[in-house]
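Understanding the architecture of this molecule
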Amino acid sequence: MCGIVAYLGKKEAYPILIKGLRRLEYRGYDSAGVCLLNHGLKVYKCKGKVDDLEHFAASMDKSGSVGIGHTRWATHGEPNDANAHPHYSGNEELAIIHNGIIENYDTLREELRMRGHVFKSDTDTEVLIHLIEDVKKNEDLTLVDAVRVALTQVVGAYAIVIIAKDHPDLLIGAKKGSPMVVGIGDGEFFLASDATPIVEHTKNVVYLEDEEIVELRLGEKVRIRNIKNEYKTPYIQELEMHLEELEKGGFPHFMLKEIFEQPRSIADSMRGRIHLESGKVTLGGIIDYEQKMANAKRIIIVACGTSWHAGLVGEYLIEDLARIPVEVEYASEFRYRNPIITEEDVVIAISQSGETADTLAALELAKSKGATIIGVCNVVGSSISRITDAGSYTHAGPEIGVASTKAFTAQVTVLTLMALHLAQKRGTIAHSRLQRLLTSLQQIPELVEETLKTDALVQHIAEQYKDARNFLYLGRGYNFPVALEGALKLKEISYIHAEGYPAAEMKHGPIALIDAEMPVVVVATKKGNYEKVVSNIQEVKARKGKIIVVVTKGDTVASGLADHVIEVPNTEEELMPLLASIPLQLLSYHIAVMRGCNVDQPRNLAKSVTVE
Ligand code: G6P
């Protein structure tokens, strides 16, 4: 994980780096640091967040128009001041920031120690900058060549930026497995983990490919070569991101803003893709592969976290509508369990960031076995979107809150469109059902708007359960993944233990936990085995559990049994996850706020998990 940002130009670097780091804090916030170049290198770094760094550096000299900045999610070495980035080389003439993991750092460190290197931190990153220093000195190379040669000795993932005391007009970046974007401004350059720190300065960017090294010199063109020393022509793209999307816009937290953005983000993920008159769906990004998808013997969905929950909804949709067998796999398990993959399989990766290391590796494995690989990503230009054969972007806009909300509903929307499209191609759906679902799908943004009106009621419920120690979430059918996602949201941001379960499975274990202290959230919307879910509610009630139900407007039976009732508008059963998940997002949000938790940056988590 970790976020990196660098600046080379004529302006003061420090404010640009700090602002950039704030945008990247979603990637980790165990420590933060900067290095500024101004008659020598000055590193300021400390444990904690960017605010702590600002406080720490308040009275220091922060002048300089070249600099690098880092916000860390600790992997090697505990989160403390010494392990914070940037790290110096032994002679303090070079400094580095790094996102990724150098897997052979231990061996490299021992070799370097034998050659007299002394390390001040426990990090793999410090080993890398010492290695570069060592290679440069011993092989008498230019700095860029030393970086290149050193990287040939490295096993693992990296996005690095290096600055040098003796080269005040130079930034060197390189990447493999971790993302890096180059921003090309007017007489200035930027390097960052994603485009969010760059967008307000320039819209012209280059996404580096794996094993590429970029050399940025003031007044010169961007120079890219790979570690085999072959020069590459930079492919300059224009960013589509807007600055307003990166700000809280009057909301106290990004998470709440993103929950309330869902009418728009869901509409954006459908925009231009539904043609009601002809009853057709167009997903431009997969056109060349849609026949292959429609002919697939099997679809495997790989994902992690919330995206995995969206994948489960996708499984229900694709099997139900398009009648293609689907398996949903945790990417981290799939990649290591020697799965059977054939050329006839289609593997769909779902990922908000498009950078999750396990999902990326699962895709690479599937690709190596000849499967067709498809992406459902939110971040345009991300690693997953670039290695896949084809894909559909979710167009939810940047999601900053670590707990995913609008990205989830956008993923479910795109998977619904994919399922309908495949169903139509395969002739497994009646035209009337297709029309009905497409019409209802188009109404979802409006219905989400209405669902968001439950906010005050949900806040009131949150007040009563904010001190609970456990929560159980139940649902069946399409509402089962909703229950899983509701539970995940609560534990991520409020640190209350929560479990999601298929309602009928409760009797095989979790029922033993139920007593008068246990809040049980049941998603009991109409259809979806409603009567059976009502029986499960009875079972909870008989054991004095506190029942919070999410029901369809006008419901009486489940509502009559519950302690708290949250009504959502009626829609097709297949689309209910798009509505039912909203009050559960709000419930976790309000409970976390009431418990004084840092909603946007929950402890130990990071938004983009670029390490195993
Ligand atoms: C992290 C985030 C989750 C996210 C998961 C998968 O754990 O905190 O919110 O669901 O990674 O991320 P992806 O970007 O692949 O969807």
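Scroll up for the structure.
What you see is a predicted model, and the numbers here were worked out from it, not measured in a lab.

All right, on to the overall build of the chain then. Regarding its fold elements, the chain presents 19 helices and 27 strands. For 612 residues, the compact-globule estimate of 2.2 N^0.38 gives 25 Å, and the chain sits close to it at 25 Å. Judged by the C-alpha coordinates and their principal axes, the chain covers about 80 × 50 × 45 Å. The buried share of the chain, taken over its 612 residues, is 62%. About 22,900 Å² of surface is accessible on the chain, with carbon and sulfur atoms providing 49% of the total.

What follows covers the packing of aromatic side chains. Following the criterion strictly, the structure yields 6 aromatic pairs and no others. Measuring from centroid to centroid gives 6.4 Å for tyrosine 465 and phenylalanine 471, while their planes differ by 75°, and the two rings are edge-to-face. In this structure, tyrosine 465 and phenylalanine 471 share a single accessibility class: buried. An aromatic cluster is present here, built from Tyr465, Phe471 and Tyr473 joined pairwise through their rings. Here the basic side chain of arginine 603 rests over the ring of tyrosine 495, its NZ or CZ set 3.8 Å away from the ring centre.

Its location among the elements puts threonine 233 in the loop between strand S14 (231-232) and strand S15 (237-238). Owing to a relative accessible area of 74%, threonine 233 belongs among the exposed residues under this scheme. Residues threonine 233 and leucine 8, spaced 225 residues apart in sequence, show a C-alpha to C-alpha distance of 21 Å.

With that settled, consider the pattern of salt bridges. Under the definition given, this model contains 40 salt bridges. When the shortest N-O distance is used, the salt bridge between lysine 466 and glutamate 463 registers 3.9 Å. The exposure class assigned to glutamate 463 is partly exposed, which follows from its relative accessible area of 44%. One continuous salt-bridge network, built from bridges that share partners, spans Asp145, Arg148, Glu215, Arg217, Glu220, Arg223 and Arg225.

Moving on: the site of the ligand. Taken together, 14 residues lie around the ligand, and Ser307, Ser351, Gln352, Ser353 and Thr356 are the ones closest in. Within the side chain of serine 307, a nitrogen or oxygen atom sits 2.5 Å from an oxygen atom of the ligand. Here an oxygen atom of the ligand sits 2.6 Å away from a polar atom, N or O, in the side chain of serine 351. For the ligand, the accessible surface in isolation is 390 Å², of which the surrounding protein chains cover 91%. For the shell around the ligand, the element with the most residues is helix H9 (residues 305-322), which contributes 3 residues. Of the residues assigned to the shell around the ligand, the class counts are 4 nonpolar, 8 polar and 2 charged.

Turning our eyes to something else, we now look at the packing of H9 against helix H13 (residues 406-426). Relative to each other, H9 and H13 sit at 20°, their axes nearing to 9 Å. Looking at the two axes, H9 sits roughly parallel to H13. Considering only the axes of H9 and H13, their crossing is right-handed. The segment H9 lies against H13, with Thr306, Ser307, His309, Ala310, Gly311, Val313, Gly314, Leu317, Ile318, Leu321 and Ala322 engaging Phe408, Gln411, Val412, Leu415, Thr416, Ala419, Leu420, Leu422, Ala423 and Arg426. Of the residues assigned to the contact of H9 with H13, the class counts are 13 nonpolar, 7 polar and 1 charged.

Now for the sheet that holds strand S6 (residues 94-102). Within the open sheet, the 7 strands sit side by side as S5-S6-S7-S8-S12-S13-S14. Their pairing is antiparallel. Each end of this open sheet is capped by a strand with a single partner; those strands are strand S5 (87-88) and S14. Alignment of S6 against strand S7 (residues 156-164), held across 9 bridges, turns out to be antiparallel. Within S7, the position partnered with isoleucine 96 by the bridge is isoleucine 162. Each of S5, S6 and S7 touches helix H4 (residues 124-139); the most contacted strand, S6, lies at about 125° to it.

Ranked by size, the top nonpolar core spans 89 residues in total, and within it Ile299, Ile348, Leu420, Leu441, Phe471, Tyr473 and Leu587 carry the most contacts. With 11 residues, helix H19 (residues 576-594) is the single largest residue contributor to this core. Those residues in contact with isoleucine 348, other than ones at most four positions away along the chain, are Met293, Ile299, Ile300, Ile301, Val302, Ile374, Val376 and Met418.

Across its 12 residues, helix H1 (residues 13-24) extends 16 Å between first and last C-alpha, which sits within 8% of the 16 Å expected from 1.5 Å per residue. Where burial is concerned, most of H1 is hidden: 9 out of the 12 residues are buried. Every buried residue of H1 is listed here: Ala13, Tyr14, Ile16, Leu17, Ile18, Gly20, Leu21, Arg23 and Leu24. Next to the buried residues of H1 lie strand S1 (3-8), strand S2 (31-37), helix H2 (50-56), strand S4 (66-72) and strand S10 (189-192).

Burial analysis of strand S23 (residues 470-475) places 5 of its 6 residues in the buried class, which makes it a mostly covered element. In the sheet, S23 pairs with strand S24 (residues 497-502) via 6 bridges, with the strands oriented parallel. What sits directly across from tyrosine 473, in S24, is glycine 500. With respect to chirality, the unit in which S23 leads through helix H16 (residues 479-494) into the neighbouring parallel S24 is right-handed.

Quick notes on the rules
Residues numbered from 1 in each chain as written. Predicted model: local features only at pLDDT ≥ 70, side-chain atom pairs only at ≥ 80, totals over all residues. Heavy atoms only, no water. Helix = DSSP H or I, 4+ residues; strand = E, 2+ residues; numbered from the N terminus. Rg over C-alpha atoms; globule rule 2.2 N^0.38 Å. Buried < 20%, exposed > 50% of the residue type's maximum accessible area, 1.4 Å probe, protein only. Areas by Shrake-Rupley, 256 points an atom, 1.4 Å probe, with all protein chains shown as cover. Phe/Tyr/Trp six-rings, centres within 6.5 Å; stacked < 30°, edge-to-face > 60°. Lys NZ or Arg CZ within 6 Å of the ring centre and 35° of its normal. Salt bridge = Lys/Arg side-chain N within 4 Å of Asp/Glu carboxyl O. Near = heavy atom within 4 Å. Polar contact = N/O pair within 3.5 Å; in protein donor to acceptor, adjacent residues only side chain to side chain. Nonpolar A, V, L, I, M, F, W, Y, C, P; charged D, E, K, R; others polar. Axes fitted to C-alpha atoms, helices over the stretch in contact; angles between N-to-C directions. Parallel < 35°, antiparallel > 145°, perpendicular 65-115°, else oblique. Left-handed = near helix turned anticlockwise from the far one by under 90°. Contact = heavy atoms within 4.5 Å. Pairing = 2+ DSSP bridges. Core = buried A, V, L, I, M, F, W, Y, C linked by side-chain atoms within 4.5 Å. Expected span 1.5 Å × (residues − 1). Right-handed = clockwise from strand over helix to strand, strands pointing away.

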